[in-house]
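# Residue-level structure breakdown
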Amino acid sequence: MLKLPRVLLALASVLLLLALPLPLWRVRLIAPQYPEGLGMEIYARTVRGATEHDLGNINELNHYIGMRAIEPEAIADFRVIPWAIVGIAAFGVLAAIIGKRPVAIAWLVAFAGVAVVGLWDFWHWEYMYGHDLDMVHAIIKVPGMSYQPPLIGAKQLLNFTATSWPAAGTLLVGMSFAIGAVAVFLPRRSRTTRAAAHGARPLHHPAVA
């Protein structure tokens, strides 16, 4: 690989690491009794309220509909996601050092695979919280109702409008993938350029009279 693709691979890896301390996703709930809204920010390591008391207020509301409390320390994914991000970043640096296109392609495929699994895992997390309800102890019971927020976009849940959008960390991850894809698919050197790089003269075929 040329120098530029290797630099781009290294840059993509740095952007991945910069995503670690930033929120990856934001979920927001708005209702007449909460016109200012309640929000959650999902990070690689934890989930937090958008403000100091938001997560506690969301858990209180969830109790009324039989949804389990959101307790970051009980979510095993937060012990895996940071290592997955660091692993892909380290693989990208290794691909940049080795400088072989097949290794860079393998890195890009691994990156895409981890991203798809991560999105599915987030959707599944939302699904479990929204569908696995304790209807025995729920105060508000609506037959057939589930409370899964959208993966992306907006959705009406009783009198709440739930919105869910990627945050700064995910935007950095997307930029990292795009830069890595550019590095992998940049045009390779022509035969003439390769011959010149090795000190050989390109072959010239005599013109046919």
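Keep in mind that what you see is a predicted model, and the values were worked out from it rather than measured.

All right, on to the overall build of the chain then. In terms of regular secondary structure, the chain is built from six helices and five strands. Its helices and strands in sequence order give the chain the pattern α-β-β-β-α-α-α-β-β-α-α, from N to C terminus. By residue count, 37% of the 209 residues in the chain fall in the buried class. The long-range share in the chain, meaning contacts at least 24 apart out of those at least 6 apart in sequence, stands at 62%. Of the roughly 12500 Å² of accessible surface on the chain, a fraction of 68% belongs to carbon and sulfur atoms.

Topologically, S176 is positioned in helix α5 (residues 168-185). For S176, a relative accessible area of 0% translates into the label buried. Excluding residues that lie within four positions of it along the chain, S176 makes contacts with A12, S13, L15, L16, W107 and F111.

Before going further, it helps to examine the nonpolar core. One finds M40, I42 and I70 to be the most contacted residues of the largest nonpolar core, which totals 24 residues. For this core, the secondary-structure elements that each account for two or more residues are β1 (25-31), β2 (34-42), α2 (54-64), α4 (101-131) and β5 (160-166).

Quick look at the confidence of the model for the chain now. Per-chain confidence: the chain averages 88 in pLDDT, with 89% of residues scoring 70 or above. Contacts for the low-pLDDT stretch residues 190-197, under 50 throughout, to residues beyond four places or in other chains number four contacts. pLDDT under 50 marks residues 205-209. Its contacts with residues more than four places away, or in other chains, come to zero contacts.

Relative placement of two packed helices is described by the angle separating their axes and the distance separating the axes. Across the interface, helix α1 (residues 3-19) lies against helix α3 (residues 81-98) with an axial gap of 8 Å and an inter-helix angle of 165 degrees. Judged by the angle between their axes, α1 and α3 are roughly antiparallel. Note on packing geometry: the crossing formed by α1 with α3 is left-handed. Where α1 abuts α3, its residues R6, L9, A10, S13, L16 and L17 lie against I85, V86, I88, A89, G92, V93, A95, A96, I97 and I98. For the contact of α1 with α3, a count of residues per class yields 13 nonpolar, two polar and one charged.

Rules of the game
Residues numbered from 1 in each chain as written. Predicted model: local features only at pLDDT ≥ 70, side-chain atom pairs only at ≥ 80, totals over all residues. Heavy atoms only, no water. Helix = DSSP H or I, 4+ residues; strand = E, 2+ residues; numbered from the N terminus. Buried < 20%, exposed > 50% of the residue type's maximum accessible area, 1.4 Å probe, protein only. Contact = heavy atoms within 4.5 Å. Areas by Shrake-Rupley, 256 points an atom, 1.4 Å probe, with all protein chains shown as cover. Core = buried A, V, L, I, M, F, W, Y, C linked by side-chain atoms within 4.5 Å. pLDDT = per-residue confidence, 0-100. Axes fitted to C-alpha atoms, helices over the stretch in contact; angles between N-to-C directions. Parallel < 35°, antiparallel > 145°, perpendicular 65-115°, else oblique. Left-handed = near helix turned anticlockwise from the far one by under 90°. Nonpolar A, V, L, I, M, F, W, Y, C, P; charged D, E, K, R; others polar.

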